[in-house]
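# Structure at a glance
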2 protein chains.
Amino acid sequence: MTIYDISEKAGVSIATVSRVLNDSGKVSEMTRKKVLDVIQQYGYTPNAFARGLGLNTMKTIGIMCADSSDLYLAKGIYHIEQKLRANGYDSILCCTGYELESRAAAMNLLITKKVDGIILVGSNFIYEKESDNRYIADAATQLPVMLLNGALDAPNVYSVVSDDYASMYSATLQMIESGVKDIVYFYNSTSYSGMRKLAGYRAAMKEQMIDREPLEQFYRGSHEDIHAMTEHLKKLHDDGLKFRGVIAADDTLALAAVKYAREKKYRIPEDFSILGYNNSMLANCCDPELTSIDNKLEILCQHLIFTLMGILAGREMPKKTIFSGEIVKRGTTR
Amino acid sequence: MTIYDISEKAGVSIATVSRVLNDSGKVSEMTRKKVLDVIQQYGYTPNAFARGLGLNTMKTIGIMCADSSDLYLAKGIYHIEQKLRANGYDSILCCTGYELESRAAAMNLLITKKVDGIILVGSNFIYEKESDNRYIADAATQLPVMLLNGALDAPNVYSVVSDDYASMYSATLQMIESGVKDIVYFYNSTSYSGMRKLAGYRAAMKEQMIDREPLEQFYRGSHEDIHAMTEHLKKLHDDGLKFRGVIAADDTLALAAVKYAREKKYRIPEDFSILGYNNSMLANCCDPELTSIDNKLEILCQHLIFTLMGILAGREMPKKTIFSGEIVKRGTTR
């Protein structure tokens, strides 16, 4: 039995349970009794408690990411690591790859290392199939789990996300309004965040009564292989599909679209419009430079650490915090 | 007194001291006596010993890097992390920035966390002033310190490097032989590796009796700000400097040179040649694509972990291992 189970059975918040066990006042005698009754009735796991109460802490946070060489994830890790250090915490990084099994293993490893909390960097940690997300909910019975740009409805799991849906929705509308209608949506992830972006594109297309399913293109190759991405678009063209715009789920895919348009001798943005996502340094690398959506990664990280520090101090913190993205206009859109 | 002091005073290797204390045979009675005499004479620090002998180990390696959001460093961390895990080790990552003070602090923190060894990723950890490198030599009296692409001559410090000098030397020669003589060397780091690259460029220029110091251009701004880098080159042009080639110390700087050449309407590579370094994904981002030097990062990382595992097992390992780089020819050179 964990601190969460007690909070559920007693019908009070985790912070309240923590206060009772910590004897840190501001709890009514009735609530106090309820909590202690549950503990007496069900027993408890002292280790998980000690951790939950900030006793015996290693002052270390576990960080998990799929691949630290991914430009966006690397930036996230950087911000998180810096902000943890500023709060007196060390971090242990595990690069897990994309397989569920290795993720569950990394999660257990971090728990045995007695970290005070775990941060999952990147929405790819949330799987489409709900039962595949058990490894997160299970871990969260022992320590707080923070999701950067992912969301999962489970106790002791906290999310800080960018509103990818709204960003993609308004960017798609803008492109349509600029006169481009044959827009390919080019994506390579069906993560939580990936599906939200796709939904934003779909909603805008539908609102403008543009309904063309084949224009959604899923790319399966390496996330760094720009050539393979460009080939994907060339094949579409060779298959007879007409398109004059690409909305990409990240900047690398968008860069491949720039390459494609240049090879086809389209003028950008007069004949061909391209939008990227993440506003990474890649956006400045091509010619013309890439219009891209900035999802405010540093602000997300800052808020995630703020939330985690609050939780570890036993304060009541929001389960989910949503920030808005912003379109950074450069040369690839009208 | 540490395991290193004993090895020095007894005139035997650290591995031998380790074998004596570990009672793992293959040591002559004379050597054995020498080691035990030194210990009796000077006393010793049991903790440092225990760590040196693989007793009481946490099976955790500390990794330090300046900035995990740097494309090249992030890739290095990724490979190292993967290979450590494959060997049953966890890792603790510290992003230190570029200041000596924060590095010394991170080093001490990792030592108090009882890591089994420390890996410094990136040659920027080695300072030009010798006394500034004391923090590394000091740490190495307590645990092995591994340098990825840096070198420092101190006991218990091990290096795995790419031969940046030779790579830059032959790339510069190639560019000169292709008919380009007015070559700017564009760099932003005076780290160990940075100075080796510069020296390779200088040697090739000197050998061809091209002696023009102002063509060495040091860029001081952010390592991601391509616009500022491009401005730097434009200013050179405006100041009246004539140049028809850029050899850059990394791919980002080279990308800025591509931007510069495009703005000046030079044809690449007919009128203007550009060479990058690292062969990162950026090399595929521009048009034409970038010729770049591949310094075999993954192989370096693999060998570094192989060396570290050997040291931790008490085997004699090479102090320094040097790999050759390779020029990957693409569209920016003739």
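Quick summary incoming for the structure in this document. (Residues numbered from 1 in each chain as written. Chains lettered and ligands numbered in written order. Predicted model: local features only at pLDDT ≥ 70, side-chain atom pairs only at ≥ 80, totals over all residues. Heavy atoms only, no water.)

## Focus: the sheet that holds strand β12 (residues 326-328) of chain B
All names here are of chain B. Pairing within the open sheet is mixed, and its six strands lie in the order β7-β6-β8-β9-β10-β12. Lying at the two open borders of the sheet, with one neighbouring strand each, are β7 (216-218) and β12. With direction set aside, neighbouring strand axes in the sheet form an average angle of 20°. When strand β6 (residues 183-187) meets strand β8 (residues 245-248), the two strands line up parallel, connected through four bridges. Bridging across to β8, Tyr185 finds its partner in Ile247. Contacting β6 and β7, helix α10 (residues 226-238) crosses the sheet at an angle of about 145° to β6. (Pairing = 2+ DSSP bridges. Helix = DSSP H or I, 4+ residues; strand = E, 2+ residues; numbered from the N terminus. Axes fitted to C-alpha atoms, helices over the stretch in contact; angles between N-to-C directions. Contact = heavy atoms within 4.5 Å.)

## Structural notes on the relation of the copies chain A and chain B
When chain A is fitted onto chain B, the two copies agree to an RMSD of 0.1 Å after a turn of 180° and an axial shift of 0.0 Å. Here the copies are linked by what is in effect a two-fold axis. No C-alpha of chain A lies nearer the rotation axis than that of A:Ile92, which sits 2.3 Å from it. (Least-squares fit on C-alpha atoms with pLDDT ≥ 70 in both.)

## Digging into unusual backbone geometry
Following A:Ile268, the chain continues into A:Pro269 via a peptide bond in cis, with omega recorded as 5°. Residue placement: A:Pro269 occurs in the loop between α11 (251-263) and β9 (273-277). Despite not being glycine, B:Asn279 has its phi angle at roughly 50°, a positive value.

## So, the packing of helix α1 (residues 3-10) of chain A against helix α3 (residues 29-42) of chain A
Residue and element names in this part refer to chain A. Contact geometry of α1 with α3 gives a least axis separation of 9 Å together with a crossing angle of 120°. It follows from the interaxial angle that α1 and α3 lie oblique. With respect to the hand of their crossing, α1 and α3 are arranged in right-handed fashion. Only Lys34, Val35, Val38, Ile39 and Tyr42 of α3 make contact with α1, whose side of the interface consists of Ile6, Lys9 and Ala10. When its residues are assigned to classes, the contact of α1 with α3 shows six nonpolar, no polar and two charged. (Parallel < 35°, antiparallel > 145°, perpendicular 65-115°, else oblique. Left-handed = near helix turned anticlockwise from the far one by under 90°. Nonpolar A, V, L, I, M, F, W, Y, C, P; charged D, E, K, R; others polar.)

## Let's talk about the sheet that holds strand β6 (residues 183-187) of chain A
All names here are of chain A. Spatially, six strands are ordered β7-β6-β8-β9-β10-β12 in an open sheet, and the strand pairing comes out mixed. A strand with exactly one partner marks an edge of an open sheet, and here the two such strands are β7 (216-218) and β12 (326-328). Between one strand axis and the next, the sheet turns by 20° as a mean value, whatever way the strands run. Two strands pair when backbone bridges link them, and β6 and β7 are joined in this way by three bridges, in the parallel orientation. The residue bridging Phe186 from the neighbouring strand is Gln217, located in β7. Across the sheet, helix α10 (residues 226-238) is in contact with β6 and β7; its angle to β6 comes to roughly 145°. Against the sheet, α11 engages β6, β8 (245-248), β9 and β10 (291-294), with an angle of about 160° to β9.

Read these as layout, nothing more, since geometry by itself doesn't imply function.
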